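Spelled out from the first residue to the last, the chains are:
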Amino acid sequence: MANAAWRLAQRSCPSHLQVISFPVVQLHMNRTAMRASQKDFENAMNQVKLLKKDPGNEVKLKLYALYKQATEGPCNMPKPGVFDLINKAKWDAWNTLGSLPKETARQNYVDLVSSLSSSLESSSQVEPGTDRKSTGYETLMVTSEDGITKITLNRPAKKNAINVEMYHEIMRALKAASKDDSSITVLTGNGDYYSSGNDLTNFTDIPPGGVEEKAKNSAILLREFVGCFIDFPKPLIAVVNGPAVGISVTILGLFDAVYASDRATFHTPFSHLGQSPEGCSSYTFLKIMGPAKATEMLVFGKKLTAGEACAQGLVTEVFPDSTFQKEVWTRLKAFAKLPPNVSIHLLLLRTLKIIS
Ligand SMILES: CCCCCCC/C=C/C(=O)SCCNC(=O)CCNC(=O)[C@H](O)C(C)(C)COP(=O)(O)OP(=O)(O)OC[C@H]1O[C@@H](n2cnc3c(N)ncnc32)[C@H](O)[C@@H]1OP(=O)(O)O
């Protein structure tokens with residue numbers, strides 16, 4: 001998405017401008033005066049083309065938005081639909097600027113390019129290990145108490161869509177949970193959704209190697225991600241607090257128990273998206289619900305209610321939404337107090353599940 005936005009932002013630059021070296025000193029002087037001239041702006045546009053390193057999607061969208069605001073003023077285009085990913089990301093970025101005056105947008109554009117020029121040149125000097133994300137999580141909340149490690153998907157404004165960062169963080173959290181002193185691990189969602197599945201923008205950020213490289217990288221990530229669930233050594237419970245879509249549904253077949261609110265639904269619209277079912281679901285769903293029901297879900301994209309998913313064995317038990325959290329957590333706390341030989345039984349049950 002953003003790469004396309006980036007290309008578009010670059011294409012949008014007036015074509016008669018030649019690529020010239022960037023007068024950084026002049027820009028810094030102008031920044032002090034806090035008023036970028038049209039010339040500074042044009043220079044900055046050229047400087048963008050000369051950046052040696054990719055500044056990342058977020059920055060590229062910011063540049064696009066500031067460029068549009070500086071040249072056309074506030075966004076007055078109709079909002080693109082949820083599946084028009086590229087235009088929606090661009091629209092969002094531009095629209096966020098509200099009624100920012102053109103001159104300020106021009107100044108901000110120039111400042112941003114100037115800061116990129118220096119920070120991207122010096123980024124190699126960052127000490128390894130100083131990454132502030134190495135201990136915390138950006139897309140998850142992870143807590144451990146009462147013998148339970150709880151991993152909460154935490155992008156509620158995006159219905160807990162799983163972006164690339166979240167895939168990596170879930171793997172990291174599972175690896176940490178497999179070694180901590182908790183007895184069981186829970187995956188749940190923050191907000192009204194459990195998860196809307198794969199973040200649709202994951203497929204739009206095409207690397208320099210093109211679509212083939214993107215597909216290869218995605219396949220590697222997906223394999224590693226699913227592997228973490230297959231190999232997880234402790235009881236793994238899903239607390240499905242609301243609707244679940246796509247990969248957040250398919251991997252449920254790899255959990256040891258699935259508790260759902262009666263508000264939850266289970267939807268795998270792969271055929272609609274031109275994708276194939278993942279997460280071992282073509283194996284696990286077949287085992288769990290039989291071929292006909294698995295086909296209805298995975299091939300025809302039938303959305304199940306929590307009650308239907310329970311009747312078909314995908315969900316262990318459904319609770320009224322009003323008492324869901326209280327009932328589930330009371331039960332899980334009791335489970336977590338069971339003696340540690342649980343793992344042996346778990347292993348046995350999982351093996352029987354596979355070979356039966
Ligand atoms: C790189 C590794 C690749 C691994 C590949 C794994 C393959 C996995 C495949 C799947 O998981 S397929 C399923 C993909 N998911 C979807 O198709 C769901 C798409 N979203 C929707 O249909 C709807 O958003 C919704 C979930 C039904 C919710 O609708 P509602 O009207 O209630 O809310 P919205 O206004 O649509 O959404 C709010 C907000 O959230 C954003 N969003 C929601 N889901 C996603 C998503 N999956 N990806 C990206 N963004 C999502 C939506 O755009 C809205 O954003 P804003 O407009 O508020 O910015």
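Residues numbered from 1 in each chain as written. Predicted model: local features only at pLDDT ≥ 70, side-chain atom pairs only at ≥ 80, totals over all residues. Heavy atoms only, no water.

The name that an unreviewed UniProt entry assigns to the protein is Enoyl-CoA delta isomerase 2, with the source organism given as Saimiri boliviensis boliviensis. The heading Subcellular location (unreviewed entry) in the UniProt record of the protein holds the text "Peroxisome". (UniProt positions renumbered as here; feature names shortened; annotations may be inferred.)

A. Region of the structure containing the site of the ligand. Within the structure, the ligand sits among 25 residues, and Lys88, Lys158, Ser196, Asn198 and Leu200 are positioned closest to it. Note that an oxygen atom of the ligand is positioned 3.4 Å from one of the side-chain N or O atoms of Lys79. A distance of 3.4 Å separates an oxygen atom of the ligand from a polar backbone atom of Ala157. For the ligand, whose unbound accessible area comes to 1,100 Å², protein coverage reaches 76%. Those elements that place two or more of their residues in the shell around the ligand are α5 (85-95), α8 (210-230) and α10 (270-273). For the shell around the ligand, a count of residues per class yields 12 nonpolar, six polar and seven charged. Both domains that furnish three or more residues to the shell around the ligand are identified here as domain 1 (38-118) and domain 2 (140-353). (Near = heavy atom within 4 Å. Polar contact = N/O pair within 3.5 Å; in protein donor to acceptor, adjacent residues only side chain to side chain. Areas by Shrake-Rupley, 256 points an atom, 1.4 Å probe, with all protein chains shown as cover. Helix = DSSP H or I, 4+ residues; strand = E, 2+ residues; numbered from the N terminus. Nonpolar A, V, L, I, M, F, W, Y, C, P; charged D, E, K, R; others polar. Domains from an automatic or database assignment.)

B. Main features of the pairing of strand β4 (residues 236-240). Among the five residues in β4, five count as buried, and that is most of the element. Residues of β4 alternate between two faces, with Leu236, Ala238 and Val240 on one and Ile237 and Val239 on the opposite face, all of them buried. In this structure, strand β3 (residues 184-189) lies alongside β4, joined through four bridges in parallel fashion. In the strand pairing of β4, Thr188 is matched with Val239. Read as a crossover between parallel neighbours, the route from β3 over α8 to β4 is right-handed. (Buried < 20%, exposed > 50% of the residue type's maximum accessible area, 1.4 Å probe, protein only. Pairing = 2+ DSSP bridges. Right-handed = clockwise from strand over helix to strand, strands pointing away.)

C. Structural context of the pattern of salt bridges. For the coordinates displayed, the defined rule picks out 11 salt bridges. One salt bridge in this structure joins Asp256 and Arg350, with 2.6 Å as the shortest N-O distance. Pair noted here: Asp256 is in the loop between α9 (247-250) and β6 (257-261) and Arg350 is in helix α14 (residues 342-355), with a separation of 94 residues, a long-range link. On the basis of relative accessible area, Asp256 is assigned to the partly exposed category, the value being 27%. (Salt bridge = Lys/Arg side-chain N within 4 Å of Asp/Glu carboxyl O.)

D. Spotlight on the sheet that holds strand β8 (residues 304-305). Taken together, the three strands give an open sheet; going across it, the order is β5-β7-β8, and neighbouring strands pair in mixed fashion. Each edge of the sheet is formed by a strand with only one pairing partner; in this case those strands are β5 (244-245) and β8. Note: strand β7 (residues 265-267) against β8, two bridges, orientation antiparallel. Among the inter-strand pairings, Phe266 is bridged to a residue of β8, identified as Leu304.

E. The arrangement of the packing of helix α4 (residues 57-72) against α5 in detail. Closest axis-to-axis distance for the α4/α5 pair is 8 Å, and the angle between their directions is 60°. By the angle between their directions, the pair α4 and α5 is classed as oblique. Every pair of crossing elements has a handedness; the one defined by α4 and α5 is right-handed. Residues Leu61, Tyr64, Ala65, Lys68, Gln69 and Glu72 of α4 form the contact with α5, whose participating residues are Ala89, Lys90, Ala93 and Trp94. The residue makeup of the contact of α4 with α5, split by class, is six nonpolar, one polar and three charged. (Axes fitted to C-alpha atoms, helices over the stretch in contact; angles between N-to-C directions. Parallel < 35°, antiparallel > 145°, perpendicular 65-115°, else oblique. Left-handed = near helix turned anticlockwise from the far one by under 90°. Contact = heavy atoms within 4.5 Å.)

F. Focus on a nonpolar patch on the surface. Residues Tyr283, Leu348, Leu349, Leu352, Ile354 and Ile355 make up a contiguous nonpolar surface patch of roughly 650 Å² in combined accessible area. In terms of residues, the nonpolar patch owes the most to one element, α14, which gives five residues. Inspection of the secondary structure puts Leu352 in helix α14. (Patch = residues over 30% accessible without salt bridge, like charges linked within 9 Å, V, L, I, M, F, W, Y side chains within 5 Å.)

G. How the structure looks around the packing of aromatic side chains. In this structure the tally under the stated criterion is eight aromatic pairs. Look at Phe229 and Phe255: their rings are 5.7 Å apart centre to centre, the planes differ by 40°, and that puts the pair in the tilted class. In this pair, Phe229 is assigned in helix α8 and Phe255 in the loop between α9 and β6, connecting sequence segments 26 residues apart. Of the two residues, Phe229 and Phe255, neither departs from the other in class, the shared state being buried. (Phe/Tyr/Trp six-rings, centres within 6.5 Å; stacked < 30°, edge-to-face > 60°.)

H. Expanded view of the sheet that holds β3. Spatially, β1-β2-β3-β4-β6-β9 is the arrangement adopted by the six strands of the open sheet, whose pairing is mixed. One side of each edge strand has no neighbouring strand; the edge strands of this open sheet are β1 (140-145) and β9 (317-319). The average undirected angle you get between the axes of adjacent strands in this sheet is 20°. Two strands pair when backbone bridges link them, and strand β2 (residues 148-153) and β3 are joined in this way by six bridges, in the parallel orientation. Following the sheet pairing, Thr149 is matched in β3 by Thr185. Running over the sheet, helix α13 (residues 324-336) touches β2, β3, β4, β6 and β9 and is turned about 160° from β6.

I. Here's a closer look at α13. Under the 1.5 Å per step criterion, the end-to-end length of α13 is 18 Å for 13 residues, consistent within 8% with the ideal 18 Å. Buried within α13 are the following residues: Phe324, Val328, Trp329, Leu332 and Ala336. When α13 is viewed along its axis, its buried side chains cluster within an angular range of 100° and face the same direction. The outward face of α13, more than 90 degrees from its buried face, is lined by the exposed residues Lys326 and Thr330. Summarising the contacts, the buried residues of α13 are in contact with β2, β3, β4, β6 and β9. (Expected span 1.5 Å × (residues − 1). Arc of directions from axis to C-beta.)

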